[in-house]
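Read off the chains here:
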Amino acid sequence: SWVGVHVPEKSPTFKSSYQIVYGKPEYGVLFKKDDSDAGTPVWNYYNDVWYLKNNVEKSIGFLSFSNGKNDSAIGWEQAVDFINALQETRQPHLFIWGQSGHSERTVLPKNGSERQMEIDVKVNQSLPAFTRCSLDNNYGNGQSSDGDASGQVNRYLYWETNDIVDTASSWEITVALMNSAPADECLVDITPRRLQLFNVAQGQVVHFTNIDKSTGALVGSGDVVVDQYGLITIEQTKVRKGGNRIIITL
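Here is a short report on the structure shown in this document. (Residues numbered from 1 in each chain as written. Predicted model: local features only at pLDDT ≥ 70, side-chain atom pairs only at ≥ 80, totals over all residues. Heavy atoms only, no water.)

## Focus on the pairing of strand β12 (residues 218–225)
Pairing analysis gives 7 bridges linking strand β11 (residues 205–212) to β12, with the strands arranged antiparallel. Following the sheet pairing, Asn210 is matched in β12 by Gly220. The antiparallel pairing of β11 with β12 creates a hairpin that spans 5 residues between the two strands, and Gly216 there sits at a positive phi of about 80°. (Pairing = 2+ DSSP bridges. Helix = DSSP H or I, 4+ residues; strand = E, 2+ residues; numbered from the N terminus.)

Pasting the structure below:
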């Protein structure tokens, strides 16, 4: 999305549009799948932050989105809530912000295009979630005056889809920095998402290696414990412009 509403209740202008459909938040209207469902308040059900935090174990699609810090229609605070939730729950995303108001636009990974997605993302293929990248700018605390006036999260990171290995015993992927990145390397957390065959359980220990694609040198390795949501996160590992091969085994 470019300037999407992610928390309807916090959108200065578009909250009223949602009220026409859902009723006011204080009405307590429930979304129910069927008569046996206790129901979820509609303002939660259509709140992207609420969804992420209540479904950490579920994998979503890759999201590239943007927001203007001075967009009085969509609202800036709700965008910060959303990027914080994406980072916290370790979902695949890219975020761009600036001073273009409601005309703010995002870009896509690998080629930096505004409209053409070079990476072939598939629902039946795993993908990485990048978080806490050392090249990320500071979007601030939700106040438009706080943080950098413009910037990005995960703008320069991408992955290859033609050499992913996802078997019962291992998961492998090539990740890299774009040549346009302001540095030759970065540190970033990597979390495999939408795993197909490499299924692990809470508390299980896996081993990872990080290999420099250009030189074949071992960049890093170690053991990781699968967390309470069944997720594996390799923390602050190095990714370079020449690419890195990330390998996780049982």
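Right, picking up where we left off after that structure.
## Notes on the sheet that holds strand β6 (residues 151–153)
Taken together, 3 strands build an open sheet; the order of strands is β3-β4-β6 and the sheet is mixed. Unpaired on one side and paired on the other, β3 (63–68) and β6 mark the two borders of the sheet. Averaged over all pairs of adjacent strands, the angle between their axes in this sheet comes to 15°, without regard to strand direction. Where strand β4 (residues 93–98) lies against β6, 3 bridges are found, and the strand directions are antiparallel. Residue pairing in the sheet places Trp97 in a bridge with Gly151 of β6. (Axes fitted to C-alpha atoms, helices over the stretch in contact; angles between N-to-C directions.)

## Brief notes about the packing of aromatic side chains
Within the structure shown, the criterion is met by 14 aromatic pairs. Ring centres 4.8 Å apart and planes at 10° place the aromatic pair Tyr22 and Tyr46 in the stacked group. You can see Tyr22 sitting in helix α1 (residues 15–22) and its partner Tyr46 sitting in the loop between α2 (42–45) and α3 (48–54), a full 24 residues away along the chain. Classification of Tyr22 as buried rests on a relative accessible area of 15%. Pairing Phe95 with Tyr139 gives two aromatic rings, centres 6.4 Å apart and planes at 70°, and the pair type is edge-to-face. (Phe/Tyr/Trp six-rings, centres within 6.5 Å; stacked < 30°, edge-to-face > 60°. Buried < 20%, exposed > 50% of the residue type's maximum accessible area, 1.4 Å probe, protein only.)

## Considering the side chain of Arg194
Its place among the elements puts Arg194 in the loop between β10 (185–193) and β11. The buried charged residue Arg194 lacks any salt bridge, with Asp166 as its nearest oppositely charged partner at 9.5 Å. Only 3.4 Å separates the side chain of Arg194 from the backbone oxygen of Ile60, close enough to count as a polar contact. Here the side chain of Arg194 touches Lys122 through a polar contact of 3.0 Å, landing on its backbone oxygen. (Lys, Arg positive; Asp, Glu negative; His and termini not counted. Salt bridge = Lys/Arg side-chain N within 4 Å of Asp/Glu carboxyl O. Polar contact = N/O pair within 3.5 Å; in protein donor to acceptor, adjacent residues only side chain to side chain.)

## Describing unusual backbone geometry
A positive phi angle, close to 80°, is found at Lys110, a residue other than glycine. Examined against the element boundaries, Lys110 turns out to sit in the loop between β4 and β5 (127–131). The phi angle at Asn154 is positive, at roughly 65°, despite the residue not being glycine.

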